[in-house]
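Breakdown of the fold
Given next are the chains, with one letter for each unit.
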Amino acid sequence: MKLDINDYDLPDTASYIVGVKEKSSKAGVLEDLVGQFDWRPQYEYSTMSMFSGFLSPEQVTWLLSDERIAYVECDGFVKVAKKQLSQQEAADKELRR
C-alpha cells in the first residue's frame, strides 16, 4: 500500500530502510543526499541496492520524489496520524485529483 505522505504527520525523525531500483544508482543517490542534506546512512548494504538510517519527513519526501528510489520503509514500529484538513485544504486536494 502506498500512502500519500502529505496526508500524514510523520515523526520528526525515524529509522528507515531505503531501496534503490538499480544498485548502480545507489552511489549517486547517496551523493545527492550528502549534497542536499549533509546526510549519510547509518548502514549501507554492500551487496544490495539498499541503505538505512535516521531520516526526517523532509528527507523521506525528497527520496520518494526521486525516480531512482523503489521504496522507503520504516525500520521498526511506526505510528502515523492522518492529518485533519481544513475545508479549504480538502477542497484544494479534491481539485488536484
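Our subject is the structure that appears above.
Attention here is on the structure that accompanies the text. (Residues numbered from 1 in each chain as written. Predicted model: local features only at pLDDT ≥ 70, side-chain atom pairs only at ≥ 80, totals over all residues. Heavy atoms only, no water.)

Brief notes about the overall build of the protein
Put simply, the rule reads: Put simply, DSSP H or I for four residues or longer makes a helix, DSSP E for two residues or longer makes a strand, and each gets a number counted from the N terminus. In what follows, a contact means two residues having at least one pair of non-hydrogen atoms within 4.5 Å. For accessible areas, the Shrake-Rupley method is used with a probe of radius 1.4 Å. Any residue's cover is judged against the shown protein chains and nothing else.
A count of helical and extended segments in the protein gives three helices and six strands. Excluding contacts between residues fewer than 6 apart, the proportion of contacts in the protein whose partners are at least 24 apart in sequence is 68%. Summing over all exposed atoms, the protein offers an accessible surface of approximately 6,900 Å²; the carbon and sulfur share of this is 49%.

Looking at the nonpolar core
We count it as follows: The definition of a nonpolar core used throughout is a set of buried Ala, Val, Leu, Ile, Met, Phe, Trp, Tyr and Cys residues joined through side-chain atoms within 4.5 Å. Summary of the burial criterion: residues with accessible area below 20% of their type's maximum are buried, those above 50% are exposed, and those between are partly exposed, where the area comes from a 1.4 Å probe applied to protein chains only.
Judged by nonpolar contacts, the single largest core of 15 residues is most densely connected at L33, F51 and L63. Elements with a contribution of two residues or more to this core: β2 (14–20), α1 (26–37), β4 (50–55), α2 (57–64) and β5 (69–74). Dropping the residues within four chain positions of it, L33 is found in contact with D38, W39, F51, W62 and L63.

Observations concerning the packing of α1 against α2
Short version of the rule: Every axis corresponds to a line fitted to the C-alpha atoms, with the helix fit spanning only the stretch in contact, and the corresponding angles, defined between N-to-C directions, vary from 0 to 180 degrees. Any angle from 65 to 115 degrees is called roughly perpendicular, while one under 35 is roughly parallel, one over 145 is roughly antiparallel, and all others are oblique. Crossing handedness is defined as follows: a turn of the near helix away from the far one that is anticlockwise and smaller than a right angle gives a left-handed crossing, while the clockwise case is right-handed. Nonpolar residues are Ala, Val, Leu, Ile, Met, Phe, Trp, Tyr, Cys and Pro. Charged residues are Asp, Glu, Lys and Arg, and all others, Gly as well, are polar.
Running from N to C, α1 and α2 point in directions that differ by 140°, and their axes come no closer than 12 Å. Judged by the inter-axis angle, α1 sits oblique to α2. The crossing of α1 and α2 is right-handed. Two secondary-structure elements touch here, α1 through V29, D32, L33, Q36 and F37 and α2 through E58, Q59, W62 and L63. Partitioned by chemical class, the residues of the contact of α1 with α2 number five nonpolar, two polar and two charged.

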